[in-house]
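# Summary of the model geometry
Next come the chains, spelled out residue by residue.
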Amino acid sequence: MAEPAYLAWMDTILFAGLALAAGLTLLVSYRVIRGPTVPDRVVALDTIGTNVVAIAALYAIWSQQGYFVGVSLVLAIIGFISTITVARYVTEGDIIE
């Protein structure tokens, strides 16, 4: 039985989204290494975390395996907490008062 035409388009779009997110992650890694200031590096790391969450979510849709959605949610929470922690350290110089 042949697959419907919309599934072929969906696979193409999902693969393009995965490739785009992976490529942007590689490009942003340059800013992590060469960033002129610490806030630039923090924003770049946050962008990488967001792209990894997007990659996990797109892969979950593409592979039709739901546990990657849970992985992406955990990665998003960890990324949020780490960004807040680093931002607080950069602004105040101390994490725990």
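Residues numbered from 1 in each chain as written. Predicted model: local features only at pLDDT ≥ 70, side-chain atom pairs only at ≥ 80, totals over all residues. Heavy atoms only, no water.

## Details of the overall build of the protein chain
- Assigned secondary structure in the protein chain consists of three helices and zero strands.
- Secondary structure elements of the protein chain, listed N to C terminal, follow the sequence α-α-α.
- Taking 13 Å as the expected radius of gyration for a compact globule of 97 residues, we find that the protein chain reaches 17 Å, considerably beyond that expectation.
- With the C-alpha coordinates of the protein chain rotated into their principal frame, the extents come out at 65 × 25 × 15 Å.
- Taken across its 97 residues, the protein chain has 15% of its residues classed as buried.
- Long-range contacts, defined as pairs at least 24 residues apart, comprise 39% of the intrachain contacts of the protein chain with a sequence gap of at least 6.
- Of the side chains in the protein chain, 4 bear a positive and 7 a negative charge, and the two mean positions are spaced by 14 Å. (Helix = DSSP H or I, 4+ residues; strand = E, 2+ residues; numbered from the N terminus. Rg over C-alpha atoms; globule rule 2.2 N^0.38 Å. Buried < 20%, exposed > 50% of the residue type's maximum accessible area, 1.4 Å probe, protein only. Contact = heavy atoms within 4.5 Å. Lys, Arg positive; Asp, Glu negative; His and termini not counted. Charge placed at Lys NZ, Arg CZ, Asp CG, Glu CD.)

## Some details on the UniProt feature "transmembrane region" (unreviewed entry) in the protein chain
- Following the UniProt record, one finds the feature "transmembrane region" (unreviewed entry) at residues 6–30, 42–62 and 68–90.
- Secondary structure across residues 42–62 divides into 100% helix and 0% strand, with the first and last C-alpha atoms of the span separated by 30 Å.
- Taken end to end, residues 68–90 has its terminal C-alpha atoms 32 Å apart, with 100% of it in helix and 0% in strand. (UniProt positions renumbered as here; feature names shortened; annotations may be inferred.)

## Structural notes on the layout of surface pockets
- Here the largest pocket defines a volume of roughly 180 Å³.
- Every residue lining the largest pocket is counted, 13 residues in all, and those nearest its centre are Leu45, Asp46, Gly79, Ser82 and Thr83.
- For the lining of the largest pocket, the secondary-structure elements that each account for two or more residues are helix H2 (38–63) and helix H3 (67–92).
- Considering every element that reaches the lining of the largest pocket, the biggest residue donor is H3, with seven residues. (1 Å grid on protein atoms, 1.4 Å probe; cavity = no way out; pocket = protein on both sides within 12 Å on 5 of 7 lines; lining within 4 Å. Points joined across faces, edges and corners; volume = space filled by probe spheres on them.)

## Describing a nonpolar patch on the surface
- Side chains of Val38, Val86, Tyr89 and Val90 sit close together on the surface and give an oily, nonpolar patch of about 330 Å² of accessible area.
- In terms of residue count, H3 provides more of the nonpolar patch than any other element does, three residues in total.
- Following the sequence through the fold, Val90 ends up in helix H3. (Patch = residues over 30% accessible without salt bridge, like charges linked within 9 Å, V, L, I, M, F, W, Y side chains within 5 Å. Areas by Shrake-Rupley, 256 points an atom, 1.4 Å probe, with all protein chains shown as cover. Salt bridge = Lys/Arg side-chain N within 4 Å of Asp/Glu carboxyl O.)

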